[in-house]
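Listed here are the chains, written in short residue letters.
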Amino acid sequence: MRQYIASQNSPEIANGYVDRIIRHCLKLGEMPHRGTMHEELRPGLRTIPFDRRMTIAFAVVGYTVEVLAIAYAGRDLANLLR
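Below, the structure is looked at part by part.

Conventions adopted
- Residues numbered from 1 in each chain as written.
- Predicted model: local features only at pLDDT ≥ 70, side-chain atom pairs only at ≥ 80, totals over all residues.
- Heavy atoms only, no water.
- Pairing = 2+ DSSP bridges.
- Helix = DSSP H or I, 4+ residues; strand = E, 2+ residues; numbered from the N terminus.
- Contact = heavy atoms within 4.5 Å.
- Axes fitted to C-alpha atoms, helices over the stretch in contact; angles between N-to-C directions.
- 1 Å grid on protein atoms, 1.4 Å probe; cavity = no way out; pocket = protein on both sides within 12 Å on 5 of 7 lines; lining within 4 Å.
- Points joined across faces, edges and corners; volume = space filled by probe spheres on them.
- Nonpolar A, V, L, I, M, F, W, Y, C, P; charged D, E, K, R; others polar.
- Core = buried A, V, L, I, M, F, W, Y, C linked by side-chain atoms within 4.5 Å.
- Buried < 20%, exposed > 50% of the residue type's maximum accessible area, 1.4 Å probe, protein only.
- Expected span 1.5 Å × (residues − 1).
- Arc of directions from axis to C-beta.

### Comments concerning the sheet that holds strand β2 (residues 45–50)
Taken together, four strands build an open sheet; the order of strands is β1-β2-β3-β4 and the sheet is antiparallel. A single partner strand is all that each edge strand has here, and the edge strands are β1 (36–37) and β4 (64–72). Note that β1 and β2 share two bridges and pair antiparallel. Within β2, the residue paired with T36 across the bridge is T47. Sheet contacts for helix α2 (residues 11–26): β2, β3 (54–61) and β4; angle to β2, the most-contacted strand, approximately 140°.

### Describing the layout of surface pockets
Taking a probe equal in size to a water molecule and rolling it over the atoms shows the remaining empty space. Empty space within the largest pocket amounts to approximately 210 Å³. Taken together, M1, Y4, I5, Q8, N9, I13, Y17, R53, M54 and Y72 make up the full set of residues lining the largest pocket. Contributing elements (two or more residues each) for the lining of the largest pocket: α1 (2–8) and α2. For the lining of the largest pocket, the element with the most residues is α1, which contributes three residues. When grouped by side-chain class, the residues that make up the lining of the largest pocket number seven nonpolar, two polar and one charged.

### Details of the nonpolar core
Of all hydrophobic cores here, the largest spans eleven residues; its members are I5, A14, Y17, I21, C25, L28, I48, F50, M54, I56 and F58. Every element with two or more residues in this core is listed here: α2, β2 and β3. Per element, the largest residue contribution to this core is four residues, and it comes from α2. With residues near it in sequence (within four places) discarded, F50 still touches Y17, R20, I21, H24 and I56. Counting five residues, the second largest nonpolar core, distinct from the first, contains L45, A69, A71 and L77.

### Section: α2
For α2, with 16 residues, the first-to-last C-alpha span of 22 Å sits near the 22 Å given by 1.5 Å per residue. Among all positions in α2, only A14, Y17, V18, I21 and C25 are buried. Along α2, the residues classed as buried sweep out an arc of 95° about the axis, all on the same side. Opposite the buried face of α2, at more than 90 degrees from it, the exposed residues are E12 and L26. Buried positions along α2 lie against α1, β2, β3 and β4.

See the structure below:
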């Protein structure tokens, strides 16, 4: 992702964007049971939006939040999780 964004913009913009995604994912540890449930795709699967164009898919396993996919707008989340 970082390389694609850098090729379209600049390395600085790419680094900033990826850093924002990482910070957003790290905040899941503070409130791990937020987001929209998607049991039809996978037991325990939740999603939250990021920056109006991305979807972060994750699951809470015990005391751990597992980020399963970060999908750009319109991507088929079901296929990404297979």
